[in-house]
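Report on the structure
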Amino acid sequence: ADLEIRSPLLLDDERSKAVRLAIDAADGAFTIRARPYSTDEPWTVHAVGRLPTEAAPALLTQVWPGIPERHPDFDAAAHLRLTIRAGLTYGPAFQAVRHGWVDAGAVRAVLQMPPTAEPEAPGRYHLHPALLDCTFQLIIHLLKDELEDHEGVAYVPTRIGRLICRRGQLSPHFVEARL
């Protein structure tokens, strides 16, 4: 899949939002729009992208670089402290990072589905939102030296060039994020 985030979709307890997903069957292009529920406000485009229209097995041949043989550079508690320091507060359903390693512009980590998210995961998603978000969270480890210079500003990926999921496989447990 190809995804470009145009505007963050902010959800809160005070105001419901209507969200629309439109997919063009001819070419797999999609748009995600939202607006406050029960209003005439214009729809905001939050994301656009394209789903592959046919299987591409060649994309699944990339070899995983493997788990480093050294002790992890961070664990779940250190990762959570770093996200809080970056101004990001994640609830228990979005705390899947167990431990990880930082190497040459990439972060690799072991994920474990949070207990609060497990009941909804089997069969409902190709890629559970908590696991995808926790993979994005890893970018904080690449930018941690810049936190003091940009206090209160969080880096949010705006484009995903390639995201590939194979149906019928187990949930991801090992992930890698690169800028």
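Computed from a predicted structure; not experimentally measured.

How each quantity is defined
- Residues numbered from 1 in each chain as written.
- Predicted model: local features only at pLDDT ≥ 70, side-chain atom pairs only at ≥ 80, totals over all residues.
- Heavy atoms only, no water.
- Helix = DSSP H or I, 4+ residues; strand = E, 2+ residues; numbered from the N terminus.
- Buried < 20%, exposed > 50% of the residue type's maximum accessible area, 1.4 Å probe, protein only.
- Contact = heavy atoms within 4.5 Å.
- Areas by Shrake-Rupley, 256 points an atom, 1.4 Å probe, with all protein chains shown as cover.
- Arc of directions from axis to C-beta.
- Polar contact = N/O pair within 3.5 Å; in protein donor to acceptor, adjacent residues only side chain to side chain.
- Core = buried A, V, L, I, M, F, W, Y, C linked by side-chain atoms within 4.5 Å.

A short note on the overall build of the chain
In terms of regular secondary structure, the chain is built from 3 helices and 9 strands. Secondary structure elements in the chain, listed N-terminal to C-terminal, are β-β-β-β-β-α-β-β-α-α-β-β. Burial status across the chain gives 27% buried among its 179 residues. Residue pairs at least 24 apart in sequence account for 62% of intrachain contacts in the chain once pairs closer than 6 positions are excluded. About 12200 Å² of surface is accessible on the chain, with carbon and sulfur atoms providing 54% of the total.

Comments concerning unusual backbone geometry
Here the phi dihedral of Ser 38 falls at roughly 60°; this positive angle occurs in a residue that is not glycine. Relative accessible area serves as the criterion here: at 66%, Ser 38 is assigned to the exposed category. Positioned with a positive phi, Ala 104 is a non-glycine residue whose angle comes to about 35°. For Ala 104, the location among the structural elements is in the loop between β6 (97–103) and β7 (106–111). Among the residues examined, Ala 104 registers a relative accessible area of 81% and is labelled exposed.

Examining helix α2 (residues 129–137)
Within the sequence span of α2, burial applies to Ala 130, Leu 131, Cys 134, Thr 135 and Gln 137. Along the axis of α2, the buried residues cluster in a sector spanning 155°; they form a single face. Contacts made by the buried residues of α2 are with α1 (76–85), β6, β7, α3 (139–143) and β9 (174–178).

Overview of the side chain of His 79
Structurally, His 79 is set in helix α1. Within the local environment of His 79, its side chain forms a polar contact with the side chain of Gln 137, the two groups lying 2.8 Å apart. Every residue in contact with His 79, bar those within four places of it in the chain, is listed here: Phe 74, Val 97, Gln 137, Leu 138 and His 141.

Some remarks on the nonpolar core
A general tendency of soluble globular proteins is for nonpolar side chains to be buried together. Ranked by internal contacts, the top residues of the largest apolar core, which has 16 residues, are Val 97, Leu 111, Leu 131 and Leu 138. Elements supplying a minimum of two residues to this core: β7, α2, α3 and β9. Looking at this core element by element, the count peaks at 3 residues for β7. The contacts of Leu 131, once residues within four sequence positions are left out, are Ala 96, Leu 111, Met 113, Ser 171 and Pro 172.

Side note on the environment of Ile 140
By the element assignment, Ile 140 lies in helix α3. Here the alpha-carbon distance between Ile 140 and Thr 83, two residues 57 residues apart in the chain, equals 7.0 Å. Excluding residues that lie within four positions of it along the chain, Ile 140 makes contacts with Leu 82, Thr 83, Ala 86 and Leu 88.

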